[in-house]
Amino acid sequence: MIGFVTSLANAKQVNDAVAQAQTDRGLPVFWIPGMYEVYHGLYDGLYFIPCDDETLSTPLLGDPPSHPVDFPEFQTIIEELGGLDARVDLPPSDIIE
């Protein structure tokens, strides 16, 4: 699984910011990346935010549909998490309690 590892507070801020980017455009909150607590491995106790290439190209509401990468705010969020190069490849077993 490809994504970012961060604190609970940062993970909540990321999801809130993604929701806000949608509502600021008059859209309902249709999608957020979510977050998963990491229970094992190097990142035990932190939170994982999925952010692979499929996540970045998730179609959102609109005609034509927009995608997370279409929102400047999303680029800012990614930069604040360290940029795409800061993503990790987390084994799925690390988020299973």
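Note: the structure precedes this text.
Read on for an overview of the structure. (Residues numbered from 1 in each chain as written. Predicted model: local features only at pLDDT ≥ 70, side-chain atom pairs only at ≥ 80, totals over all residues. Heavy atoms only, no water.)

Looking at helix H1 (residues 8-23)
- With 16 residues, H1 ought to run about 22 Å at 1.5 Å a step, and its terminal C-alpha atoms sit 23 Å apart, in line with that.
- Every buried residue of H1 is accounted for by Ala11, Val14, Asn15, Val18, Ala19, Ala21 and Gln22. Looking straight down H1, one finds its buried side chains confined to an arc of 160°; they lie on one side. Across H1 from its buried face, at more than 90 degrees, point the exposed residues Ala9, Gln13 and Asp16.
- Looking at the buried residues of H1, the elements they touch are strand E1 (2-6), strand E3 (47-50) and helix H3 (72-80). (Helix = DSSP H or I, 4+ residues; strand = E, 2+ residues; numbered from the N terminus. Expected span 1.5 Å × (residues − 1). Buried < 20%, exposed > 50% of the residue type's maximum accessible area, 1.4 Å probe, protein only. Arc of directions from axis to C-beta. Contact = heavy atoms within 4.5 Å.)

Quick word on the pairing of E3
- A two-sided burial pattern is seen for E3, the buried positions comprising Tyr47 and Ile49 on one face and Phe48 and Pro50 on the other.
- In terms of strand pairing, E1 meets E3 through 4 bridges, oriented antiparallel. Each bridged residue has a counterpart across the sheet, and for Phe4 the counterpart in E3 is Ile49.
- As paired strands, strand E2 (residues 36-37) and E3 are joined by 2 bridges and run antiparallel to one another. When the sheet's bridge partners are listed, Tyr36 is paired in E3 with Phe48. (Pairing = 2+ DSSP bridges.)

Quick look at the pairing of E1
- When E1 meets strand E4 (residues 88-89), the two strands line up antiparallel, connected through 2 bridges. Each residue of the ladder has a partner; that of Gly3, found in E4, is Val88.

Observations regarding H3
- All of the buried residues in H3 are Phe74, Ile77 and Ile78. Down the axis of H3, the smallest arc covering the buried residues is 95°, so these residues share one side. More than 90 degrees from the buried face of H3, the exposed residues found are Pro72, Glu79 and Glu80.
- Looking at the packing, one finds that the buried side of H3 touches E1, H1 and helix H2 (53-56).
- Two residues or fewer past H3, Gly82 is found with a positive phi of approximately 105°.

What about the side chain of Thr58?
- Along the chain, Thr58 falls in the loop between H2 and H3.
- One polar contact links the side chain of Thr58 to the main-chain carbonyl oxygen of Thr55, over a distance of 2.9 Å.
- Not counting chain neighbours up to four residues away, the residues in contact with Thr58 comprise Trp31, Ser66, His67 and Pro68. (Polar contact = N/O pair within 3.5 Å; in protein donor to acceptor, adjacent residues only side chain to side chain.)

Topic: the pattern of salt bridges
- Considering all chains together, one arrives at 2 salt bridges under this definition.
- Note that Arg87 and Asp53 form a salt bridge whose closest N and O atoms lie 3.8 Å from each other. Placement of Arg87 in the loop between H3 and E4 and of Asp53 in helix H2 is noted, with a sequence separation of 34 residues between them.
- Overall, Arg87 belongs to the partly exposed group, its relative accessible area being 23%.
- With a relative accessible area of 55%, Asp53 lands in the exposed category. (Salt bridge = Lys/Arg side-chain N within 4 Å of Asp/Glu carboxyl O.)

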